[in-house]
Structures are given as C-alpha cells and as structure tokens.
Amino acid sequence: MSYLSLSNTSLLAIAICFMVICLAVICLRVVSQLKAKQALKEELAQHDNFALGISFASEISVVIATVAFLFDEISISAAQSNPLKMIVLIVLLFTFIKVGHLIHRKWILHRFNEEAAILKQNVCAALVDSGMLIANCIITLGLYSWSHTQGFSSLLIAFVSFFLLQTIFALDSKFREYRFARANQGASLQSNFNLENTSIGIRYAGKSIGLALAIYAGLASATFHSGKMVENLFTLALHCGTMWLLLYLLTTIIKFISSPNIDTELEIDHQDNIGIACIEFAVFSAIGYLLISMFSI
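This is a predicted model, so every value here is computed, not measured.

What about the overall build of the chain?
Right, so step 1: Each helix and strand in the chain was counted, giving 13 helices and zero strands.
Right, so step 2: Ordering the α and β elements of the chain from the N terminus gives α-α-α-α-α-α-α-α-α-α-α-α-α.
Right, so step 3: The buried share among the 297 residues of the chain stands at 45%.
Right, so step 4: Taking contacts inside the chain between residues at least 6 apart in sequence as the whole, the part at least 24 apart equals 77%.
Right, so step 5: Put simply, the chain shows about 14,900 Å² of open surface, and 67% of that area lies on carbon and sulfur atoms.

Okay, structure coming up:
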C-alpha cells in the first residue's frame, strides 16, 4: 500500500517551478542591490533598514506567488510541449505587475518618492509600496484567470482592461486622500507618508490589498467575451465597480460592530495607533477575500 501520492510528474513540476523561482529571485536581488547602490547584505544586516526588508520581502512573495499560480493554471505537459509559451506568460505577468507598480509610484502617488523614502528607512513608505505591489500582483493574476490570454486580441483586451482597473485604483486613492484631508484640516496624505506614521502605511496597504481582492472577485464573476473590447470593458466596469462599493459598505459595517465609539481617523492619523490600523488591514483584506469566495463560485 502506498501512502505517498506524489507522482513523478508532480515532482518534476515542483523542480521546474522552484528553478524558475530561484532564477527570478536572483534577478530581483541584483535589481534591489542596484537600487540601493550597495550590497543588499550591508543595507539589510548592517544598516538595519527595516523598510527595505519589508519591500524586498513583498517582492519575493510576489515572485513566488506568481510563478506558483501560473504553474497551477498550466499543466506540466503543456509547459513541456511549449516552453516558449510558458516563458512568454511569465514575462507578461511580471511586466503587467511592474507596470502597475510604476503607475502607482509615478502617477497615483506622484508627489511622494517611495524609493527614496524606503532607502531612508521609512517603514510607512515600504508598507504603502508593498501593499500596492501585492495588489497589482492580485489583479494581474485575476486578469489572467479572467481572459486566459491565448492570442493578440485577448492580450489587447487584457491590456486595456488592466488600465481600466488602474483607473479604479487611482479613483480609490483620490477618495482616500480626500477623506484624509477632510479629517485633518486639508493636510496632504502623500506628504504625511514622509512623517513615518507606520499606522497610516498599514491602513493604506490593507485598503489596497482589500480593493485588489474585491477586483479579483469582480473579474472572477465577469464573463469574458472573446474578441469584444467594448462588451468586456463594460462588464468589468460593472462587476468591479459593484465589488468596490460592496467592499466599503461591508467593511464600514464590520468596523462599526467590532470597534464602536472609536475615532479611527484620530487614532491612526494623530496617535499612530498600530492596533487600530491592523484592525483596518484585517477587515479590508478579509472582506476582499469574502467577496472572492461568494462571487467566484
């Protein structure tokens, strides 16, 4: 009687997947060292740069999660028969994630230099940046699951849809900045990132990841119309927009029930209350996952 259900094919898949991950992490380490302008070991171990450590940890997580997701979606036999397709898909996924990350850095938060702040050991900046990196990973994988890009027309639809989803992120960020300014006598949220308020970074990351999970739920519930650009964009706007509204409605109810009579804005914006920020992070992330569970059936 055999108690080990792993087949030779499964072991081969694990080996190939792990080799791809190792190669990607090596490339990631080289890029991170170039950004830091010194050995990563010195910055992390000798200078105790917690912010860079958080940023690097999120990048490693995204690399491993993306490769693992792709190997789960594509059978090992398909990968062996067409390795070029596998390479192209990996490159495309990482390209989409990086482009989304750059949109966040250069457009959505254009008044805040996240890279410079991270090198100055700003943990808040690292949390904000890492949250959006993970969020872009989630929506990129959601786009792939939705479209299963097979040709140029599907790739073009996925490309345009990706920018539509980035617009949702931009609008959500502007809404957060508006609420912050209203609660803090017109103060700028992006300027406050420089003050190294860790709780603000935790809250921002939680809302970014929660929104990405909600968008993934919208993608999972939407039907992909092959070769039809307008129908797909309209469908995504309707489904993802609905999930966006549901996310804020449900999180507001949960926060009211779990933390009554607590001024969240005061505690996070002025008191740097990490506990309250962690509650916000947990609620947004959990509700985002709940939406995926409910609407991807």
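Comments concerning helix α8 (residues 152–183)
Right, so step 1: In this model α8 runs 47 Å from its N-terminal to its C-terminal C-alpha over 32 residues, within 8% of the 46 Å that 1.5 Å per residue would give.
Right, so step 2: Directly beyond the C-terminal end of α8, a positive phi value near 55° is found at Q185.

A look at helix α11 (residues 229–258)
Right, so step 1: In this model α11 runs 43 Å from its N-terminal to its C-terminal C-alpha over 30 residues, within 8% of the 44 Å that 1.5 Å per residue would give.
Right, so step 2: Along α11, the residues that are buried comprise N232, T235, L236, C240, G241, M243, W244, L247, Y248, T251 and K255.
Right, so step 3: Those residues of α11 that are buried lie in contact with α7 (123–147), α8, α10 (198–221) and α13 (274–295).

A word on the nonpolar core
Right, so step 1: With 72 residues, the main nonpolar core has L165, F169, F193, Y204, I215 and L219 as its most contacted residues.
Right, so step 2: Per element, the largest residue contribution to this core is 15 residues, and it comes from α7.
Right, so step 3: Apart from residues lying up to four places away in sequence, Y204 is in contact with H104, I108, L109, V128, M132, S173, R176, L189 and F193.

Some thoughts on the packing of helix α5 (residues 83–108) against α7
Right, so step 1: With their axes 9 Å apart at the nearest point, α5 and α7 run at an angle of 140° to one another. Classified by the angle their axes make, α5 and α7 are oblique. Seen along the crossing, α5 lies across α7 with a hand that is right-handed. Judged by residue contacts, L89, L93, F96, I97, G100, H101, H104 and R105 of α5 engage V128, D129, M132, L133, N136, C137, T140, L141 and Y144 from α7.
Right, so step 2: Grouping the amino acids of the contact of α5 with α7 by side-chain chemistry returns ten nonpolar, five polar and two charged.

Observations concerning the packing of aromatic side chains
Think of a pair of aromatic rings as described by two things: how far the centres are apart, and how the planes are tilted against each other in angle.
Right, so step 1: Scanning the entire structure with this criterion turns up ten aromatic pairs.
Right, so step 2: Ring centres of F193 and Y204 lie 5.5 Å apart, and the angle between their planes is 85°; this geometry places the pair in the edge-to-face category. One end of the pair, F193, is in the loop between α9 (189–192) and α10; the other, Y204, is in helix α10, with eleven residues separating them in the sequence.
Right, so step 3: The exposure class assigned to Y204 is buried, which follows from its relative accessible area of 4%.
Right, so step 4: Seen from their ring centres, Y248 and F284 are 5.6 Å apart, and the 75° between their planes marks the pair as edge-to-face. Of this pair, Y248 sits in helix α11 while F284 sits in helix α13; the two residues are 36 residues apart in sequence, bridging distant segments of the chain. Taken as a pair, Y248 and F284 share a single burial class, namely buried.
Right, so step 5: Members of the aromatic cluster, joined through ring pairs, are F96, F159, F162 and F163.
Right, so step 6: Positioned above the aromatic ring of Y204, the side-chain terminus of R176 is 4.2 Å from the ring centre.

Some details on the side chain of E177
Right, so step 1: Here E177 lies in helix α8.
Right, so step 2: You can call E177 buried: its relative accessible area is 11%.
Right, so step 3: Not counting residues up to four positions away in its chain, the partners in contact with E177 are I108, L109, R111, L189 and Q190.

A word on the packing of α8 against α10
Right, so step 1: Closest axis-to-axis distance for the α8/α10 pair is 11 Å, and the angle between their directions is 145°. Two packed elements cross with a definite hand, and for α8 against α10 that hand is right-handed. Between α8 and α10, the contacting residues are L165, I168, F169, D172, S173, R176, R179 and F180 on the first element and I200, R203, Y204, K207, S208, L211, A212, I215 and L219 on the second.
Right, so step 2: Grouping the constituent residues of the contact of α8 with α10 by class yields ten nonpolar, two polar and five charged.

Description of the environment of L156
Right, so step 1: Among the structural elements, L156 can be located in helix α8.
Right, so step 2: The spatial distance from the C-alpha of L156 to the C-alpha of G227 is 9.3 Å, given a sequence separation of 71 residues.

Here is what the cut-offs are and how they apply
- Residues numbered from 1 in each chain as written.
- Predicted model: local features only at pLDDT ≥ 70, side-chain atom pairs only at ≥ 80, totals over all residues.
- Heavy atoms only, no water.
- Helix = DSSP H or I, 4+ residues; strand = E, 2+ residues; numbered from the N terminus.
- Buried < 20%, exposed > 50% of the residue type's maximum accessible area, 1.4 Å probe, protein only.
- Contact = heavy atoms within 4.5 Å.
- Areas by Shrake-Rupley, 256 points an atom, 1.4 Å probe, with all protein chains shown as cover.
- Expected span 1.5 Å × (residues − 1).
- Core = buried A, V, L, I, M, F, W, Y, C linked by side-chain atoms within 4.5 Å.
- Axes fitted to C-alpha atoms, helices over the stretch in contact; angles between N-to-C directions.
- Parallel < 35°, antiparallel > 145°, perpendicular 65-115°, else oblique.
- Left-handed = near helix turned anticlockwise from the far one by under 90°.
- Nonpolar A, V, L, I, M, F, W, Y, C, P; charged D, E, K, R; others polar.
- Phe/Tyr/Trp six-rings, centres within 6.5 Å; stacked < 30°, edge-to-face > 60°.
- Lys NZ or Arg CZ within 6 Å of the ring centre and 35° of its normal.

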